[in-house]
Structure formats: C-alpha cells, structure tokens
Amino acid sequence: QGFNANFKFLLWDDNEVWYKVGLVNVAAFLAQATVEAVGDDTCDELNWQQVAGRYALSNSCGQEGRSYQDETCGIYSCLVDTSMEVTAVSQMNQVRAPPPFECRPSTGGSNSYAGYWNTNTGT
C-alpha cells in the first residue's frame, strides 16, 4: 500500500508444502533486499548501467539486458499489473546522479521513448 502497489507473496495454501514454499519465498526476498541495502545503502535498485556514457531512463524496466516485467518464477509468481505505477525513493549518492527509477505503463507512439540522463549536465 505504501508503494502504490499491491505486493503479494505466496505464504499459505492450506497445506504444509505450500507453507514451506511461502517461507522460502519471503526468506529469499529478504535476503536479496538485505544484500542490496547493505551494499548500496539503499532500499531501491539504482540506475547504474551506462550506455554510451549516459544512463538510460528505461533501465527501470531492466538492466543488463533483463526485462523485469517478463521475469517469473513459474507457479510462484503473481501476474504483472500492467497499470501499476511506482517511483523509487533512493538514488546514487553522487553529484548529478540519475534520478530515482520510475515505472509506469507505456503510452505508446512517440511518447514511448524514455530518453537518457546525462551526468555531465545533470539533465
């Protein structure tokens, strides 16, 4: 609710096996969140991949060739909410660092180009 999103974890399906799967799901999430929080001193993913010396604003959809909306864990995943909008809170602690990530549905057409963040100009 605090992130304007309806996050869900598989926690219980009325049998012991699914209960254990749910616990592993939560443990894996917390472990990954801890690794990133301690390593980057942040609670959000940072825009760290440069393309031609600039940070692509579309990195919020996936860095290193990943497409976050297409990543699933089979039957353990929730469906992608194609209307969800979310804005990160954290950004890199550098002068002229790219702004926090923002994700929202594409409007299509000429408005679907996200652009770049130029650290030389801060724009």
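For the structure, see preceding data.
Criteria and cut-off values
- Residues numbered from 1 in each chain as written.
- Predicted model: local features only at pLDDT ≥ 70, side-chain atom pairs only at ≥ 80, totals over all residues.
- Heavy atoms only, no water.
- Helix = DSSP H or I, 4+ residues; strand = E, 2+ residues; numbered from the N terminus.
- Buried < 20%, exposed > 50% of the residue type's maximum accessible area, 1.4 Å probe, protein only.
- Contact = heavy atoms within 4.5 Å.
- Areas by Shrake-Rupley, 256 points an atom, 1.4 Å probe, with all protein chains shown as cover.
- Pairing = 2+ DSSP bridges.
- 1 Å grid on protein atoms, 1.4 Å probe; cavity = no way out; pocket = protein on both sides within 12 Å on 5 of 7 lines; lining within 4 Å.
- Points joined across faces, edges and corners; volume = space filled by probe spheres on them.
- Nonpolar A, V, L, I, M, F, W, Y, C, P; charged D, E, K, R; others polar.
- Salt bridge = Lys/Arg side-chain N within 4 Å of Asp/Glu carboxyl O.
- Phe/Tyr/Trp six-rings, centres within 6.5 Å; stacked < 30°, edge-to-face > 60°.
- Lys NZ or Arg CZ within 6 Å of the ring centre and 35° of its normal.

Trainee: Any chance you could explain the overall build of the protein chain here in plain terms?
Mentor: When its secondary structure is counted, the protein chain shows 1 helix and 5 strands. Going residue by residue from the N terminus, the α and β elements of the protein chain occur as α-β-β-β-β-β. Sorting the 123 residues of the protein chain into buried and exposed places 16% on the buried side. Here the analysis covers contacts within the protein chain between residues at least 6 apart in sequence; of these, 43% occur between residues at least 24 apart. When the accessible surface of the protein chain is totalled, it reaches about 9,300 Å², and 54% of it is carbon and sulfur.

Trainee: Please explain the sheet that holds strand β5 (residues 116-117) as it appears in this structure.
Mentor: Within a sheet, neighbouring strands are paired by backbone hydrogen bonds and run either parallel or antiparallel to one another. Ordered by their spatial adjacency, 3 strands build an open sheet running β1-β2-β5, and the pairing between neighbours is antiparallel. Edge positions in the sheet fall to β1 (50-51) and β5, since each of these pairs with one other strand and no more. Relative to strand β2 (residues 54-56), β1 runs antiparallel, the two being bridged by 2 bridges. Note that in β2 the partner of V51 across the bridge is R54.

Trainee: Any chance you could explain empty space enclosed by the protein here in plain terms?
Mentor: Empty space among the atoms becomes visible once a probe the size of a water molecule is rolled across them. Going through the model one piece at a time under the given rule, you end up with 1 cavity of 30 Å³ or more. Of the voids in this model, the largest cavity is the one considered here, and its volume is about 40 Å³. Per-class residue counts for the lining of the largest cavity are 6 nonpolar, 3 polar and 1 charged.

Trainee: Sorry, what's going on with the pattern of salt bridges here?
Mentor: Side chains that carry opposite charge are capable of pairing whenever their charged atoms lie near each other. According to the stated counting rule, one finds 1 salt bridge in the structure shown. Of the charged contacts in the structure, one is a salt bridge between E16 and K20, with a shortest N-O distance of 3.2 Å. Remark: K20 and E16 occur in helix α1 (residues 16-40); sequence separation between them is 4 residues, near one turn of the helix.

Trainee: Would you explain the environment of C103 in this entry?
Mentor: By the element assignment, C103 lies in strand β4 (residues 102-103). A sequence separation of 16 residues divides C103 from T87, and the C-alpha atoms of the two residues are 6.4 Å apart. In contact with C103, other than residues within four places in its own chain, are S60, M84, E85 and V86.

Trainee: What's the story with the packing of aromatic side chains in this structure? I'm lost.
Mentor: Aromatic ring pairs: the centre-centre distance and the angle between the two ring planes describe each pair. In total, this model carries 0 aromatic pairs according to the counting rule given. Against the face of Y116 rests R54, its NZ or CZ located 3.9 Å from the ring centre.

Trainee: Where do I start with the side chain of Q63 in this structure?
Mentor: Note that Q63 resides in the loop between β2 and β3 (86-87). Each residue touching Q63, except ones within four places of it in the same chain, is listed here: E45, L46, N47, W48, Q49, Y68 and F101.

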